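Structural description and commentary
Spelled out, the chains give:
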Amino acid sequence: MRVRVPQFIFRKKKKYPRFVFCVVDTVNVMNRQSLIRSNTVWGALRGLETFSQLIYVSKQRPYAVNLTVIGDFPRFKHRGVLIDSARHFQTMKTLKQVLDAMSYNKFNVLHWHIVDDQSFPYQSIRFPELSEKGAYSPDKVYRQADVAGIIEHARLRGIRVIPEFDTPGHTVSWGKSHPELLTPCYGDGTMKESAMYGVHTKRQIFNPILNVTYTFLQRFFSEIVTVFPDEFVHLGMDEAYPACWLSNPRIIKFMRKNNLDDIKDVQQMYANKLMKIITSLKTKFIVWQDPLDDGVKVSKDAIIEVWKSINNLAEVVNMGYNTILSAGWYLDLMSGNDDWQEFYMNEPFSYIRTYRFTSLY
């Protein structure tokens, strides 16, 4: 077995897979030798995976491979799997098993939905109290060594790790240690920190009118971009339900003072400030489709992840955004009645008129 990667130079500094890298590999199985050619080391990894899947056991020999030539390249740059370890904590063993399975099938992005309302298992360097008070328990925490271990396990398999830290909603667990970040809700319009069943809790969703919110986000994300080496971070921004904001008299007063006519203007203000923070850190970002659905303007530099319906794909692409499609592939929605076949029949380009590789990842 020979593997050729043109102009490959060994460097002591770790090399990570990137969003723009192109993976092309050729596997050539001949009479006396096999050859893998690739233009990147990541392509060589994919070629080795292909070769390993060609091997079978025969009666004549313990291992055999048929003569063949395979030219392989990805149809999409982003071939991801999302793991939610906030609602359901996943052990390091499980996460690594998922990464192994991803490599077998040539997936190249782990979308790590690492925190949410339910728990905050990420152990922050600057704010360790977030996991101390926000995790399910002390043993349901990803320490810095754990995070580094997952990133390295993924790197050796040509897989990027993109963390998602969702705001302004889905942040109840943040408030366990930093209640000042969350908006006090007024269930009856007069009583502070009172819940309205089925609408909002006592405190929820980041408070968009306080400077402390953005100071915290600046410090927090400046840590995240050093811990996670990928050029992208997922900012969430989905399901930012405004009921708590609308119940808060200070926010209503702020809106009047600043000539904000609609609650979506408050959401726009928050989005603008967060996007500015991330951009200042020289990092790119992904958001769910929800801000666009709510009428919020999102930077054209962002990648929009479509999750609600496959039918939303064309609208987002036609708005000029680079897009990731998740709708149609939610494993938790499978009933077990052969509906897995729909996963294979889900063809993204059948939902958009123009065949644009530059827009759909």
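Details of the structure are given in the entry above.
Every value quoted in this text rests on a predicted model; they were computed, and no experiment measured them.

Brief notes about the sheet that holds strand E5 (residues 80-84)
Pairing in this open sheet of seven strands is parallel, and the strands run E5-E6-E7-E10-E11-E12-E13 from one edge to the other. Looking at which strands have only one partner, the edges of the open sheet turn out to be E5 and strand E13 (322-325). Pairs of neighbouring strands in the sheet enclose a mean axial angle of 25°, with direction left out of account. Across three bridges, strand E11 (residues 284-288) lies against strand E12 (residues 303-306) in parallel orientation. Looking at E12, one finds that Ile-286 is bridged to Ile-303. Packed on one face of the sheet, helix H8 (residues 263-280) meets strand E7 (160-167), strand E10 (232-236) and E11 and runs near 150° to E11.

A word on the packing of helix H2 (residues 92-104) against helix H4 (residues 144-155)
Across the interface, H2 lies against H4 with an axial gap of 10 Å and an inter-helix angle of 15°. Between H2 and H4, the interaxial angle falls into the category roughly parallel. Seen along the crossing, H2 lies across H4 with a hand that is right-handed. For the pair formed by H2 and H4, the contact residues are Met-92, Leu-95, Lys-96, Leu-99 and Asp-100 on the first element and Asp-146, Gly-149, Ile-150, His-153 and Ala-154 on the second. Each residue belonging to the contact of H2 with H4 can be placed in one class, and the counts come to five nonpolar, two polar and three charged.

Some thoughts on the packing of aromatic side chains
Summed over all chains, the structure comprises 21 aromatic pairs. With 6.3 Å between their ring centres and 65° between their planes, Trp-174 and Phe-216 make a pair best called edge-to-face. Of this pair, Trp-174 sits in the loop between E7 and strand E8 (182-184) while Phe-216 is found in helix H5 (residues 211-227), placing the two residues 42 residues apart along the sequence. With relative accessibility at 0%, the residue Trp-174 sits in the buried group. Classification of Phe-216 as buried rests on a relative accessible area of 6%. Arg-155 extends its terminal NZ or CZ atom over the ring of Tyr-16, reaching a point 5.7 Å from the ring centre. For the cation-ring pair, Lys-300 lies above Tyr-321, with the distance from its terminal atom to the ring centre recorded as 4.1 Å.

Points about the state of the cysteines
All chains considered together, the criterion is met by one disulfide. Bridging Cys-185 to Cys-244, the disulfide has an S-S length of 2.0 Å. Residues Cys-185 and Cys-244 are joined by a disulfide whose S-S torsion is about -100°; by sign, that bridge is left-handed. Pair noted here: Cys-185 is in the loop between E8 and strand E9 (203-206) and Cys-244 is in helix H6 (residues 243-247), with a separation of 59 residues, a long-range link.

A look at the nonpolar core
As a rule of thumb, soluble globular proteins bury nonpolar side chains together. In terms of nonpolar packing, the biggest core is built from 73 residues, with Trp-112, Tyr-122, Phe-165, Phe-220, Phe-221, Phe-228 and Leu-235 touching the most fellow members. Among the elements that take part in this core, H8 stands out by supplying nine residues, more than any other. Setting aside residues no more than four positions away along its own chain, Trp-112 makes contact with Ile-83, Ser-85, Leu-95, Tyr-142, Val-147, Ile-150, Val-161, Ile-162, Pro-163, Glu-164 and Phe-228. Formed by seven residues, the second largest nonpolar core is a distinct cluster that contains Ile-162, Phe-232, Ile-303 and Ile-324.

Notes on H8
Between its first and last C-alpha atoms H8 spans 26 Å; for 18 residues at 1.5 Å apiece the expected length is 26 Å, and the two agree. Turning to H8, its buried residues number three or more, namely Ile-263, Val-266, Gln-267, Gln-268, Met-269, Tyr-270, Ala-271, Leu-274, Met-275, Ile-277 and Ile-278. You can read the cap of H8 off the contacts: a side-chain oxygen lies 2.9 Å from the backbone nitrogen of Lys-264, and it is on Asp-262. Downstream of H8 by one or two residues, Lys-282 has phi in the positive range, about 55°.

As for the pattern of salt bridges
Taken as a whole, this structure holds 11 salt bridges when the rule is applied. The partner of Lys-284 in a salt bridge is Glu-231, and the shortest N-O contact between them spans 3.4 Å. Here Lys-284 is found in strand E11, whereas its partner Glu-231 is found in the loop between H5 and E10, with 53 residues between them in sequence. Taking the relative accessible area as the measure of exposure, Glu-231 reaches 15% and is therefore buried. A salt bridge links Asp-293 to Lys-308, with the shortest nitrogen-to-oxygen separation between them at 3.0 Å. Here Asp-293, found in helix H9 (residues 290-293), pairs with Lys-308, found in the loop between E12 and helix H10 (313-318); they are 15 residues apart in sequence, far enough to count as distant. Residue Asp-293 is classed as partly exposed on the basis of its relative accessible area, which comes to 40%. Via salt bridges that share partners, Asp-84, Arg-87 and Asp-116 belong to a single interconnected network.

Observations concerning unusual backbone geometry
A negative phi angle characterises most non-glycine residues, just as the trans form characterises most peptide bonds. Cis peptide bonds are those with omega within 30 degrees of zero, and the linkage from Thr-167 to Pro-168 qualifies with 0°. Looking at where Pro-168 falls in the secondary structure, it is placed in the loop between E7 and E8. One non-glycine residue, Asn-259, lies in the positive phi region at around 55°.

Cut-offs and rules
Residues numbered from 1 in each chain as written. Predicted model: local features only at pLDDT ≥ 70, side-chain atom pairs only at ≥ 80, totals over all residues. Heavy atoms only, no water. Pairing = 2+ DSSP bridges. Helix = DSSP H or I, 4+ residues; strand = E, 2+ residues; numbered from the N terminus. Axes fitted to C-alpha atoms, helices over the stretch in contact; angles between N-to-C directions. Contact = heavy atoms within 4.5 Å. Parallel < 35°, antiparallel > 145°, perpendicular 65-115°, else oblique. Left-handed = near helix turned anticlockwise from the far one by under 90°. Nonpolar A, V, L, I, M, F, W, Y, C, P; charged D, E, K, R; others polar. Phe/Tyr/Trp six-rings, centres within 6.5 Å; stacked < 30°, edge-to-face > 60°. Buried < 20%, exposed > 50% of the residue type's maximum accessible area, 1.4 Å probe, protein only. Lys NZ or Arg CZ within 6 Å of the ring centre and 35° of its normal. Disulfide = S-S within 2.5 Å. Core = buried A, V, L, I, M, F, W, Y, C linked by side-chain atoms within 4.5 Å. Expected span 1.5 Å × (residues − 1). Polar contact = N/O pair within 3.5 Å; in protein donor to acceptor, adjacent residues only side chain to side chain. Salt bridge = Lys/Arg side-chain N within 4 Å of Asp/Glu carboxyl O.

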